[in-house]
Every structure is written in C-alpha cells, then in structure tokens.
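If you want the building blocks of each chain, they are given just below.
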Amino acid sequence: MARIAFIGLGVMGAPMARHLIEAGHNVVVYNRTIERAREWVKAHGGAYAGTPAAAAGGADAVITCVGRDEDVEAVTTGPDGAFRNMKAGALFIDHSTVSARLARRLAEVGRRQGVLCLDAPVSGGQAGAENGKLSIMCGGTPEVMAQAEPILSAYAARIVHVGADGSGQLTKMVNQIAIAGVLQGLSEALSFAKSAGLDSDKVLDAVSGGAAQSWQMVNRWQTMAQGHFDFGFAVDWMRKDLGLTLEEARANGASLPMTALVDQFYAEVQAMGGGRQDTSSLVRRLVE
C-alpha cells in the first residue's frame, strides 16, 4: 500500500481521505485548520502534519482537495508547500477545481522536479465522496494515469483520462456548464408547474421517465419544491467555477450566453443570503 499525503479535509476531502485509510493506505493529512486534522485522525487513524511540506515528506503520492487557485498554489509551491519536500517519482493529484492554466503550470513545475502530476477534479458531490462513487476527469500523461488509478479507485466509480495536462480542469468546466443549464431549466419547470396549479409530485412522476429526465430532476425536484437546499456543493463554489469557465471561454472563443446568464442568477441567490446553500437553490429566484 502507498504512503499518501492528503491535503484539505473539507466536505469532499475528508471522506475521500477516509476511503484511502479503509483501502489500507498509510495516510498523513494536513488541513489549514489544524484542529480538523486532529479530529479526523482521532476518528479514522493515520497521522497529521503541521504543514503541507511535512505531510509530503517521503510520500508516494500527494493529493490536494482545496478551494481556489491561490489555495492550491499555497499548499504546493508556497513557502511550506508540498512540492518543496516531494521525492522524485512521487505522484501529485489535484482534486480541486481550479484554472487549466494553473494545472499546466504545476505540471511543468513537477516535470522539472521529477514529480508526476495529474489534474483530477471530481463530480458527484458530497454524497459521491461519502459513498466512494465519485466521477473523476483526469488530465496528464498515460504514465501518471497508470500510477494514479489504483489510488483513485478507493473513492471513484468512474475514472476517465480525458487528455493532456489541464484537460481534467477543462472537462470540469464542461460539467459545470451542463449542470447550470439543467438547474435553470428545472427551476423554470418547477415554477411553471406551481403557477399552473399542478401537483408537483404527480408532475415529477409523469415527466421523470421520459426525455426530460435528469439526475437533477430525480434527486432535486422534490427538495427544490420543499425549499430544502442543504445538499452539499454551495452556490459560492459554483460561482467560483463558473467564473473560471467564463474566463476560459473568453480565451478560447467559446460562446456561453446561457452560462453567463445563470452565473448572474446565482449572484442574485447570493444576494438573497443563499451563498452557502446548494446549487439547486437557483429556484429561489422564481418561487419566493
């Protein structure tokens, strides 16, 4: 089994690191709030370190799951970053959702140090992380994929190598574009059903078996109708991801009018106090 440093114990990272322990790996964790790392070790085993660099010492793989570009930079190439203490031949796997530009830059830094880098953002939400059923979209070389896949299998139901460095992050942007559109359509459909005086449960039963069916419809229609929005991935994080997506689109020439519009709708949800609610709270604009 591998010695793994896992950096970032949020709602996604904590269960992912737990699955690594359960798979028999030797796990050292780091979290910016050290008390969370202590509590995680007390609950699941392993060890914790005071800095990313200390966690990375002697590790076969370093895995990060943090927030923004600047957070990834801090825990990798910062003064106490993991890259400063990684051995040649070690894996670096980043599950954060960040810019493709940063993913490519870290891969280049890794090549100079003999570190194998994989940008590997995930989809599936908190439930997918808890249940070990995440979908992982990976950018990097075939060599790094071959070494990383046995580790990723501890918490993934689907692992796809989509291309070269940065391709994982670009594919996550595709994922977020699709989710934004589906949730806006679902929000409007639910609003229309309510305005028409329809029984929303019967409407769901009628349409969820046909061409309109989606994961969001099956799993979020009823909770959206009930005003329950505590199911993981927050509006604040979606806006961060959509911002990265729109920035990339400006660079590559892609036209994303719907995505830009939904991003502004999410800004309205933030203004309503819903920044920490999950992304299905988009419906609040239409039913409150």
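On a predicted model such as this, the values are computed, not experimentally measured, just so you know.

Conventions we followed
- Residues numbered from 1 in each chain as written.
- Predicted model: local features only at pLDDT ≥ 70, side-chain atom pairs only at ≥ 80, totals over all residues.
- Heavy atoms only, no water.
- Axes fitted to C-alpha atoms, helices over the stretch in contact; angles between N-to-C directions.
- Helix = DSSP H or I, 4+ residues; strand = E, 2+ residues; numbered from the N terminus.
- Parallel < 35°, antiparallel > 145°, perpendicular 65-115°, else oblique.
- Left-handed = near helix turned anticlockwise from the far one by under 90°.
- Contact = heavy atoms within 4.5 Å.
- Expected span 1.5 Å × (residues − 1).
- 1 Å grid on protein atoms, 1.4 Å probe; cavity = no way out; pocket = protein on both sides within 12 Å on 5 of 7 lines; lining within 4 Å.
- Points joined across faces, edges and corners; volume = space filled by probe spheres on them.
- Nonpolar A, V, L, I, M, F, W, Y, C, P; charged D, E, K, R; others polar.
- Phe/Tyr/Trp six-rings, centres within 6.5 Å; stacked < 30°, edge-to-face > 60°.
- Buried < 20%, exposed > 50% of the residue type's maximum accessible area, 1.4 Å probe, protein only.
- Lys NZ or Arg CZ within 6 Å of the ring centre and 35° of its normal.

This brings us to the packing of helix H9 (residues 200–207) against helix H10 (residues 215–226). The geometry of H9 relative to H10 is characterised by a closest axis approach of 10 Å and an angle of 170 degrees between their N-to-C directions. Considering their axes alone, H9 and H10 lie roughly antiparallel with respect to each other. At the point where H9 passes H10, the crossing takes the right-handed sense. Contacts from Ser200, Asp201, Val203, Leu204 and Val207 in H9 reach Met217, Trp221, Gln222 and Ala225 in H10.

What follows is about helix H11 (residues 235–252). Helix length check: H11, at 18 residues, gives a terminal C-alpha distance of 25 Å against a target of 26 Å (1.5 Å per residue), a fit within 8%. Where H11 is buried, its residues contact helix H4 (69–76), helix H5 (100–113), helix H8 (167–195) and helix H12 (257–271). Gly253 sits one or two positions beyond H11 and adopts a positive phi of about 85 degrees.

All right, on to empty space enclosed by the protein then. Scanning the model with the defined rule gives one cavity of 30 Å³ or more in all. One number sums up the size of the largest cavity: a volume of about 70 Å³. Lining of the largest cavity is provided by Phe92, Asp94, Ala103, Leu106, Ala107, Cys117, Leu118, Asp119 and Asp165. For the lining of the largest cavity, the residue count by class is six nonpolar, no polar and three charged.

Bringing the packing of aromatic side chains into the picture now. This model, assessed by the stated rule, comprises one aromatic pair. Both rings, one in Phe83 and one in Phe92, keep their centres 5.0 Å apart while their planes meet at 85 degrees; by these two values the pair is edge-to-face. Phe92 matches Phe83 in its accessibility class, with the two residues each being buried. Over the face of the ring belonging to Phe265 we find Arg285, whose NZ or CZ atom lies 3.6 Å from the ring centre.

Let us look at the environment of Ala53. Structurally, Ala53 is set in helix H3 (residues 52–56). Of the residues examined, Ala53 reaches a relative accessible area of 14% and is grouped as buried. Taking the C-alpha atoms as reference points, Ala53 and Thr76, separated by 23 residues in sequence, lie 8.1 Å from one another. The residues touching Ala53, leaving out its near neighbours within four places in the chain, are Asp80, Gly81, Ala82 and Asn85.

Functional significance is not addressed by these values, which are geometric in nature.
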